[in-house]
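# Notes for the structure review
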Amino acid sequence: MSDLGDRRSSAGTSGSGSTAAQSFYGRWAALYDALARYTPGIGSLRERAAAALELESGDTVVEMGCGTGANLPYLRERVGPEGTVVGVDFTRPVLDRARESVAAYDNVHLVRGDAARPPFANAGDATFGTVDAALDSVDAVLATFVVGMLEDPGAAVRDWCDLLVDGGNVVLVDAASSERAYAAPVNALFRAVVILSTPPTLRFRYDRDPQATLDRRVDAARDALRDRSSAIAHETHALGVVRLTGGRID
Ligand SMILES: C[S@@+](CC[C@H](N)C(=O)[O-])C[C@H]1O[C@@H](n2cnc3c(N)ncnc32)[C@H](O)[C@@H]1O
């Protein structure tokens, strides 16, 4: 494992929302890590997401908003010892946990940076040696439970598409309100979860309704991915609350 430290000074420049998110995830890193790894069904969902990236041995994959690193073992398994896995997150304590979890691997790299402004050579910062060399040919980008936290998820997804080689894949996994027929009780429960997990939590008067904001951002990210993809795959899980969408970018 290699920790590449801070890329650019942009981590956290997305405004007060990102400051609150870093503070929230920093404080709750241990609890989040347990939920991210041991929630029933989450392992198979991460496995599905890794499969949807269509990685081959030796490929390079970037995970945006990697959190405590729960996806990293699945990604590393797909690219093998010859491949490269890069996790990006702007919250230092979660990256510390991710670093511990992949300490045995020398081809898994962790970068502190803003996923909304990809901190790589292709984005104009060419001073980081071997990893940036690998990042000249990014085969896939994964973001799980992240786009709902971005102010402009459509723009971020378009930037992620721009990082890819021809035929590369972007896969998004998110929770949003269910669209299924029996959605009302499911969405009521989901609303409680969203409120409890939206920084700063337990504030019941919001400038923007957190569930509506999340739904809008998740949709905007998918619209951007559909616009850029030559082929798209979409599936839902957990009574329609979890969406997995993959697009191939040519
Ligand atoms: C809900 S967690 C998901 C973590 C991980 N992807 C997973 O599935 O367990 C969201 C993560 O995205 C990170 N994040 C949110 N916005 C970000 C941004 N603009 N740049 C980098 N990381 C971001 C947070 O720090 C947090 O670790």
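Okay, so let's go over this structure. (Residues numbered from 1 in each chain as written. Predicted model: local features only at pLDDT ≥ 70, side-chain atom pairs only at ≥ 80, totals over all residues. Heavy atoms only, no water.)

A full pass over the atoms with the stated rule returns 13 salt bridges. Put simply, arginine 191 and aspartate 209 hold a salt bridge, and the shortest N to O gap is 2.6 Å. A residue pair is termed long-range when its members are at least 10 positions apart, and arginine 191 in helix H8 (residues 183-197) and aspartate 209 in the loop between H8 and helix H9 (210-228) qualify at 18 residues. For arginine 191, a relative accessible area of 31% gives the class partly exposed. Taking relative accessible area as the criterion, aspartate 209 reaches 32% and is therefore assigned partly exposed. Notably, a salt bridge pairs aspartate 219 with arginine 243, separated by 3.1 Å at the nearest N-O pair. (Salt bridge = Lys/Arg side-chain N within 4 Å of Asp/Glu carboxyl O. Helix = DSSP H or I, 4+ residues; strand = E, 2+ residues; numbered from the N terminus. Buried < 20%, exposed > 50% of the residue type's maximum accessible area, 1.4 Å probe, protein only.)

Attention now moves to the site of the ligand. Neighbouring residues of the ligand: 21 residues in total, closest Gly65, Asp89, Thr91, Ala115 and Thr144. Taking aspartate 114, its side chain carries an N or O atom lying 2.8 Å from a nitrogen atom of the ligand. Here the ligand loses 97% of its free accessible area of 600 Å² to cover by the protein chains. Here the shell around the ligand is built from residues that sort into 11 nonpolar, 6 polar and 4 charged. (Near = heavy atom within 4 Å. Polar contact = N/O pair within 3.5 Å; in protein donor to acceptor, adjacent residues only side chain to side chain. Areas by Shrake-Rupley, 256 points an atom, 1.4 Å probe, with all protein chains shown as cover. Nonpolar A, V, L, I, M, F, W, Y, C, P; charged D, E, K, R; others polar.)

Another aspect to go through is the side chain of asparagine 187. Here asparagine 187 lies in helix H8. Not counting the four nearest positions on each side in its chain, asparagine 187 is found in contact with Ser177, Ser178 and Gln211. (Contact = heavy atoms within 4.5 Å.)

A few words now on unusual backbone geometry. For glutamate 54, which is not glycine, the phi torsion reads 55° and is therefore positive. Within the fold, glutamate 54 resides in the loop between helix H3 (42-52) and strand S2 (60-64). A residue is classified by how much of its surface remains accessible, and glutamate 54, at 44% relative accessible area, is partly exposed. Phi at phenylalanine 145 is positive, roughly 60°, even though this residue is not glycine. Note on placement: phenylalanine 145 falls in the loop between strand S5 (138-144) and helix H7 (153-163). Taking relative accessible area as the criterion, phenylalanine 145 reaches 27% and is therefore assigned partly exposed.

Ranked by size, the top nonpolar core spans 33 residues in total, and within it Val62, Met64, Val141, Val157, Trp160, Val170 and Leu172 carry the most contacts. Looking at this core, the elements that each hand over two or more residues are S2, strand S3 (84-89), S5, H7, strand S6 (164-175), H8 and H9. In terms of nonpolar packing, the next biggest core, distinct from the first, is built from 23 residues, Ala50, Cys66, Leu110 and Ala140 among them. (Core = buried A, V, L, I, M, F, W, Y, C linked by side-chain atoms within 4.5 Å.)

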